[in-house]
Amino acid sequence: MTDATFLVSFAGPLVTFQDAGRTGHMRYGVSASGPMDRLAFDAAHAALGNLHGQTAIEISLGGLALTCSSGAVSFAVTGGDFVIEHRGRKHGSWTVLTAEAGDRITIRGGTSGSWAYLAFAGSVGCTEWLGSAATHAASGFGGGAVQSGQTLRVANASVREERSGAVPRPSFVTDGPVRVVTGPQDQHFAQDALEKFLTERFAVTDAYDRMGMRLRGPELPLAGALSIPSEPIVRGSVQVSGDGVPTVLLADHQTTGGYPKIATAIASDTDRLVQFRSGQTLRFAALSGAQAIETVRGYLAQKTAYLAQIAVPRGTLGQRLMRENLNHGWVLD
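No experiment lies behind these values; they were computed from the predicted model shown.

What follows concerns the packing of aromatic side chains. For the structure shown, the criterion picks out nine aromatic pairs. Relative to Phe284, the ring of Phe197 lies with its centre 4.4 Å away and its plane at 15 degrees, an arrangement referred to as stacked. Placement of the pair is Phe197 in helix α2 (residues 193–199) and Phe284 in strand β21 (residues 284–286), with a sequence separation of 87 residues. The exposure classification of Phe197 matches that of Phe284, with both residues buried. A ring pair is formed by Phe202 and Phe284, whose centres lie 5.9 Å apart and whose planes are at 65 degrees; its orientation type is edge-to-face. Taken as a pair, Phe202 in strand β13 (residues 202–208) and Phe284 in strand β21 lie far apart in primary sequence, 82 residues in all. A relative accessible area of 1% means that Phe284 is categorised as buried. Within the aromatic cluster, the residues linked to one another by ring pairs are Phe172, Tyr299 and Tyr306.

Encoded structure:
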């Protein structure tokens, strides 16, 4: 194995290096960061046979274009329905391809989804902070943003022909309301606020980044408790500011906050939620604490089985042809 290098010719905003996240530091006020869509991030690495949690590049709708300067390496793209241009052909995301010296790769937003993940069959070189490459977008701590003109180096790059081709998408992810556990400050809202939150539709606004997603919909008036003592916040917390507008907190969320929280989205639904685009609408549905635990445990079991399935090499083209019955009959002359 040798190194592969890439020259970044264009990188849109919020294109960052991310690993599985900077855990264990939130009590010091340090956000965990990590991928917005954790399922797609994990799938990109599994499809290549990488170790869990390696560094990948998270790509926003702004897109990314890079050219392989030297070496050869297989790469996977997962996440939203982005468009990949490679060797004069267009591919959809959820695929494994190989880049060689001179190849240009362009990844841009397609029909749906807000985030895509580019993982390499090797180790992406970038800076770390507190032992993690996960980038906190506002501060730049971690691997940082990918910049136009930057050279990327992939150490121990390998070509994995036996993994090339389409990556099966997770069939267990379904549409439907974003499921939440209500509270813990729902008592601070006007009497009809929770009912509105659970029965009416909300739309994603342009005020959406790695820290949170501000929604547009019915006002959720407070009952006189605009500020509460600051307390820990988790990914998926739905906090409501004084204007009655809810914001769902995401990967780069602050570690504490003093706005009342009307609900918390369960972990298995935040990966789906982050792929929404501005203008898309959604509804919320309430689960009890016990139901939420059961739902997330079931989701994680399905996710584990799915990742194990796509991690199995499919074989080279020759090996795949040998497994197929290409002889469908005889023609007698």
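Here the chain is partitioned into domain 1 (2–172 + 306–310) and domain 2 (178–287). Counting residues at the interface gives 27 residues for domain 1, matched by 18 residues for domain 2. When the buried area of domain 1 at its contact with domain 2 is split by residue, Met26, Met36 and Arg38 rank highest and sum to 36% of it. Viewed at the interface, domain 2 and domain 1 are joined by two salt bridges. Salt-bridge contacts for Asp271 lead to Arg38; the nearest nitrogen and oxygen are separated by 3.3 Å. Remark: the boundary between domain 1 and domain 2 carries 23 residue pairs in polar contact (both at pLDDT 80 or more). Mapped by element, the contributors of at least two residues to the side of domain 1 that touches domain 2 are α1 (38–48), β5 (72–86) and β8 (104–120). Here the side of domain 1 that touches domain 2 takes seven residues from β8, the largest share from any one element.

Procedures and definitions
- Residues numbered from 1 in each chain as written.
- Predicted model: local features only at pLDDT ≥ 70, side-chain atom pairs only at ≥ 80, totals over all residues.
- Heavy atoms only, no water.
- Phe/Tyr/Trp six-rings, centres within 6.5 Å; stacked < 30°, edge-to-face > 60°.
- Helix = DSSP H or I, 4+ residues; strand = E, 2+ residues; numbered from the N terminus.
- Buried < 20%, exposed > 50% of the residue type's maximum accessible area, 1.4 Å probe, protein only.
- Domains from an automatic or database assignment.
- Contact = heavy atoms within 4.5 Å.
- Buried area = accessible area lost by both parts, 1.4 Å probe.
- Salt bridge = Lys/Arg side-chain N within 4 Å of Asp/Glu carboxyl O.
- Polar contact = N/O pair within 3.5 Å; in protein donor to acceptor, adjacent residues only side chain to side chain.

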